[in-house]
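Results of the structural survey
Residue strings, one per chain:
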Amino acid sequence: MARHAGYSVQQVRNLERDGVLPPATRSPAGYRIYDAAHLRSALAYRALADGAGPAEARRIMHAAHAQPGSDLLALLDAAHARLDRERRALKLAEEAAAAISGEPMDDVRPSDAMSISELAAALGVRPSTLRHWDAEGLVVPRRASPRGPRRYFPDDVRDARIVHQLRMAGYRVAPLQALLPELRRTHRWDGDEVTTTLADRNASINARSRALLDGAAALSTLIPPTGAVPREAADGSQA
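The notes below deal with the structure included here. (Residues numbered from 1 in each chain as written. Predicted model: local features only at pLDDT ≥ 70, side-chain atom pairs only at ≥ 80, totals over all residues. Heavy atoms only, no water.)

Considering soluble globular proteins, one finds that nonpolar side chains tend to be buried as a cluster. Grouped together as the largest cluster of nonpolar side chains are 49 residues, with contacts concentrated most on Tyr45, Leu48, Leu130, Trp133, Leu138, Val163 and Leu219. It is helix 5 (residues 70-100) that provides the largest number of residues to this core, a total of six residues. (Core = buried A, V, L, I, M, F, W, Y, C linked by side-chain atoms within 4.5 Å. Buried < 20%, exposed > 50% of the residue type's maximum accessible area, 1.4 Å probe, protein only. Helix = DSSP H or I, 4+ residues; strand = E, 2+ residues; numbered from the N terminus.)

Shown next, in the form of structure tokens:
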């Protein structure tokens, strides 16, 4: 079982203990006996863990073994929906990076400055998010004094917009901390590093989506069929 599933012997025992595998039968001597359903369960879990993470994969497998039906399908739908949201956010980030790269920000006038509440409202985030970005050095606004109110000039607004979109696309704080100073020095938002990072994110989403597809295919062999879809439900016509 371990050889076919690609796990160690102890991992197979752990998967059974955690409910990822159905309980194994025992031989008269007490040895575990696994069958094809156990192997398919292990392979399904491996793919689902790659696609949705180990914790969510365990919940899906528990639903598959306990009571296949609406709960299982709802969990799978939710996993795909999360990837769809990531994909939509990534698309927005790509569009934002392309659009913001051409914005002229050389002529900065004091009258163009925004308060933290004004910028938060424009971005659709909380002021606390902008304060966090300030503390992390991502978007650092001007202040007349150390305790004075934050004022965001057009170049700060540009930084905040691109940080917001990249964060939505899954760009972590640490890489942004390394990337933003270089982008500011070159006065460019269309650098190869941004393009490469967004492409890597897209590849990750595609890989996880494929893993979910493979996991669902393996699960389909473990659960009983629900019956044919009525023609009326499928194409709107009467059977």
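Within the secondary structure layout, His164 lies in helix 8 (residues 154-168). Owing to a relative accessible area of 14%, His164 belongs among the buried residues under this scheme. Not counting the four nearest positions on each side in its chain, His164 is found in contact with Leu123, Val125 and Trp133. (Contact = heavy atoms within 4.5 Å.)

As a further point, take the environment of Leu130. Following the sequence through the fold, Leu130 ends up in helix 7 (residues 127-135). Residue class for Leu130 comes out buried when judged on its relative accessible area of 1%. On a C-alpha basis, the gap between Leu130 and Ile116 in space is 7.3 Å, while along the polypeptide they are 14 residues apart. Leave out the neighbours within four places in its chain, and Leu130 touches Ile116, Leu119, Ala120, Leu123, Val125 and Tyr152.

Here the structure, examined in full by the defined rule, presents 13 salt bridges. Arg201 serves as the salt-bridge partner of Glu86, at 2.8 Å between the closest nitrogen and oxygen. Residue Glu86 is located in helix 5, and its partner Arg201 is located in helix 10 (residues 192-220); the two are separated by 115 residues in the primary sequence. Between Arg142 and Asp156 there is a salt bridge; the shortest N-O distance is 2.5 Å. Taken together, the residues span a long stretch of sequence, with Arg142 in the loop between helix 7 and strand 4 (151-152) and Asp156 in helix 8 at a distance of 14 residues. Classification of Asp156 by relative accessible area gives buried; the value is 5%. Taken together, the shared-partner salt bridges connect Glu56, Arg59 and Arg82 into one network. (Salt bridge = Lys/Arg side-chain N within 4 Å of Asp/Glu carboxyl O.)

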